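# Topology and contacts: notes
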Amino acid sequence: MNPYVLTILLSSLGLGTVLTFASSHWLLAWMGLEINTLAIIPIMAQQHHPRAIEATTKYFLTQATAAAMILFASTTNAWLVGEWEIHQLTHPLATTTAMLALALKLGLAPVHFWLPEVLQGLELTAGLILSTWQKLAPFALMIQVAPTINSSLLIAIGLLSTLVGGWGGLNQTQLRKILAYSSIAHLGWMVLILQFAPSLTLLSLSMYIVMTSSTFLALKANNSLTINTLATSWTKSPTLAALTALVLLSLGGLPPLSGFMPKWLILQELTKQELPLPATLAAMTALLSLYFYLRLCYALTLTIYPNTLTATAPWRLNFTMITLPLSIVTILALGLLPLTPAVTTMLAL
């Protein structure tokens, strides 16, 4: 893609998200979401592959539907209550419609069906943007709308997402689909705690972005798209393979890695709010997700691929990928757990 065109598209992506962050009026927020959607579509379709075009079309249709629902919810609220402010979304019909629209934008269960299919058709870089940056604007709106939404609805969506995210990833062999289900499960954890501790939701979102970025960049460095190709990683780059396995375990939420921190704090907060049943169910669904992360780790580090590699040894080639971002996010994805006391102090302020 032409660098000038790519610069314009990435700037528009940033503009759309910042516009949604800064807006207090529903129309401005809707406009930011639309700019965001229109900016990422050429980035998704740049491969000119039938799968990429199909994924882009599916993405456009779902995002357009969600945007129309947001517009409908805000107009309904303005008609019934007389307010266009995001914080003044008070009518039950408007709040429920807006919540479902934002769930569709993010890919939360039960409106998650588009996410694995879309992510499977994309190149890893476009998939990384879709899994991280594109979650920010809808989450900003969801955090603002959350106080007026029925807490039972939020808990139900959160638990269903963690269950679907764990269950759906069990039978997959394609890494991008596994990461899509991982995304659904992590977003479920965030929605579960959204009404009780929004700061914890932001912490979980930032940790999720760090760990997912690390995973996508590692897979891009290894050029792996399926579990079978992942099995050749150890031969090509043992250090990167070992670190990727640790990042996957961090995504699963195992101590002493960074991914344990948000899950631990969320379960603690749910227990404080006297919600032991959702906390127990969420912890049990996390085991489902952990199974497929362990499966990936097994393929990555404990299997030796049966065929000898006939290609030129990778260390004899010039490595063109920039490794600094991968190094930074991998360090963050593995080593932030000791900062938990500082994080809890900051959240308490």
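If you check an unreviewed UniProt entry, the chain appears there as NADH-ubiquinone oxidoreductase chain 2 from Oncorhynchus tshawytscha. Under the UniProt heading Subcellular location (unreviewed entry), the entry covering the chain gives this text: "Mitochondrion inner membrane". Looking at the Catalytic activity (unreviewed entry) heading of the UniProt record, one finds this comment for the chain: "a ubiquinone + NADH + 5 H(+)(in) = a ubiquinol + NAD(+) + 4 H(+)(out)".

### Topic: the overall build of the chain
The helix and strand tally for the chain stands at 17 helices and zero strands. Since a compact globule built from 349 residues should have a radius of gyration of about 20 Å, the 20 Å found for the chain is in line with a globular shape. Dimensions of the chain, computed from the C-alpha atoms along their principal axes, are close to 70 × 50 × 35 Å. Relative to its 349 residues, the chain shows a buried fraction of 52%. If you take every contact in the chain between residues at least 6 apart in sequence, the share linking residues at least 24 apart comes to 78%. If you sum the accessible surface of the chain, you get close to 15800 Å²; carbon and sulfur atoms cover 70% of it. Each charge class in the chain was averaged separately, 12 positive and 8 negative side chains, and the resulting centres sit 19 Å apart.

### Observations concerning helix α3 (residues 50-81)
Helix length check: α3 (32 residues) gives 46 Å between terminal C-alpha atoms against 46 Å at 1.5 Å per residue, within 8%. Backbone geometry just after α3 places G82 at a positive phi near 85 degrees.

### Some words on helix α8 (residues 151-168)
Helix length check: α8 (18 residues) gives 25 Å between terminal C-alpha atoms against 26 Å at 1.5 Å per residue, within 8%. Within α8, burial applies to L154, I155, I157, G158, L159, S161, T162, V164, G165 and G166. On the buried face of α8, the contacting elements are α4 (92-106), α9 (175-193) and α15 (276-301). Capping the start of α8 is the job of one residue whose side-chain oxygen sits 3.2 Å from the backbone nitrogen of S152: N150.

### Quick word on the packing of α8 against α15
Following both chains from N to C, one finds α8 and α15 inclined at 20 degrees, their axes separated by 7 Å at the closest point. Comparing their axes, α15 and α8 come out roughly parallel. Handedness of the α8/α15 crossing: left-handed. For the pair formed by α8 and α15, the contact residues are I155, L159, T162, L163, G165, G166 and W167 on the first element and P278, L281, A282, T285, L288, S289 and F292 on the second. Residue composition of the contact of α8 with α15, by class: nine nonpolar, five polar and no charged.

### Considering a nonpolar patch on the surface
A cluster of nonpolar side chains, M1, V5, L6 and L10, forms an exposed patch at the surface whose accessible area comes to about 320 Å². Along the chain, the position of M1 falls in the segment before α1 (3-22). A relative accessible area of 45% places M1 in the partly exposed class.

### Section: the UniProt feature "domain: NADH:quinone oxidoreductase/Mrp antiporter transmembrane" (unreviewed entry) in the chain
UniProt's entry tags residues 23-288 with the feature "domain: NADH:quinone oxidoreductase/Mrp antiporter transmembrane" (unreviewed entry), counted in the numbering of this structure. Taken as a whole, residues 23-288 contains 76% helix and 0% strand, while its terminal C-alpha atoms sit 38 Å from one another.

### Describing the domain arrangement of the chain
By the assigned domains, the chain splits into domain 1 (1-146) and domain 2 (150-309 + 319-348). Measuring from the centre of the C-alpha atoms in domain 1 to the corresponding centre in domain 2 gives 23 Å. Listed as interface residues are 27 residues of domain 1 and, on the opposing side, 34 residues of domain 2. Taking both sides of the interface into account, the surface hidden between domain 1 and domain 2 amounts to around 2700 Å²; carbon and sulfur atoms contribute 79%. Among the residues domain 1 hides against domain 2, the three largest losses belong to Q120, L124 and F139. Together they make up 24% of the total. Taken together, the links from domain 1 to domain 2 amount to two salt bridges. Across the pair K177 and E117 runs a salt bridge, and its minimum N-O distance is 3.4 Å. Inspection of the region where domain 1 meets domain 2 yields nine residue pairs in polar contact (both at pLDDT 80 or more). The set of elements that each furnish at least two residues to the side of domain 1 that touches domain 2 consists of α4, α5 (114-120), α6 (124-131) and α7 (136-145).

### Focus: the side chain of S224
Tracing the chain through its elements places S224 in the loop between α10 (198-222) and α11 (227-230). For S224, a relative accessible area of 0% translates into the label buried. Beyond its immediate sequence surroundings of up to four residues, S224 is in contact with L124, L175, L219, T229, L230 and S233.

Definitions and limits used
One numbering rule holds for all chains: residues counted from 1, following each sequence as written. This being a predicted model, a pLDDT of at least 70 is required before a residue's local features are given, and a value of 80 or more before pairs of side-chain atoms are given or counted; all residues contribute to the totals for chains, interfaces and linings. Remark: hydrogens and water are excluded; side-chain values derive from all non-hydrogen atoms of the structure. UniProt positions are given in the numbering used here, feature names are shortened, and annotations may be inferred rather than shown by experiment. To qualify as a helix, a DSSP run of H or I must reach at least 4 residues; to qualify as a strand, a run of E must reach at least 2; elements of each kind are numbered from the N terminus. Here the globule rule is a power law, 2.2 Å times the number of residues to the power 0.38, and the radius of gyration is based on C-alpha atoms. Using a 1.4 Å probe on the protein chains alone, a residue whose accessible area is under 20% of its type maximum counts as buried, one over 50% counts as exposed, and one in between counts as partly exposed. Pairs of residues are marked as contacts when any of their non-hydrogen atoms sit within 4.5 Å. Surface accessibility follows the Shrake-Rupley procedure with a 1.4 Å probe radius. Residue values consider only the protein chains on display as shielding. The sign given to each residue is positive for Lys and Arg and negative for Asp and Glu; His and the chain ends receive no count. Charge positions come from single atoms, namely NZ of Lys, CZ of Arg, CG of Asp or CD of Glu. What a helix should span is 1.5 Å times the count of its residues minus one. Side-chain atoms alone can form a polar contact between residues adjacent in sequence; in general such a contact is a pair of N or O atoms within 3.5 Å, and within protein one must be able to donate a hydrogen while the other accepts it. Fitted lines through C-alpha atoms give the axes, limited to the stretch in contact for helices. The angle between two N-to-C directions lies from 0 to 180 degrees. An angle below 35 degrees is read as roughly parallel, one above 145 as roughly antiparallel, one from 65 to 115 as roughly perpendicular, and any other as oblique. Crossings are classed by handedness, with left-handed meaning an anticlockwise turn of the near helix from the far one by less than a right angle and right-handed meaning a clockwise turn. Throughout, the ten residues Ala, Val, Leu, Ile, Met, Phe, Trp, Tyr, Cys and Pro are labelled nonpolar, Asp, Glu, Lys and Arg are labelled charged, and all others, Gly among them, are labelled polar. Only residues whose relative accessible area exceeds 30% and that form no salt bridge are eligible for patches; like-charged ones are grouped when within 9 Å, while nonpolar side chains (Val, Leu, Ile, Met, Phe, Trp, Tyr) are grouped when within 5 Å. Definition used for salt bridges: Asp or Glu carboxyl oxygen within 4 Å of a side-chain nitrogen of Lys or Arg. Residue ranges labeled as domains rest on an automatic or database domain assignment. Once two parts are joined, some of their accessible surface, as seen by a 1.4 Å probe, is lost; buried area is that loss totalled over both.

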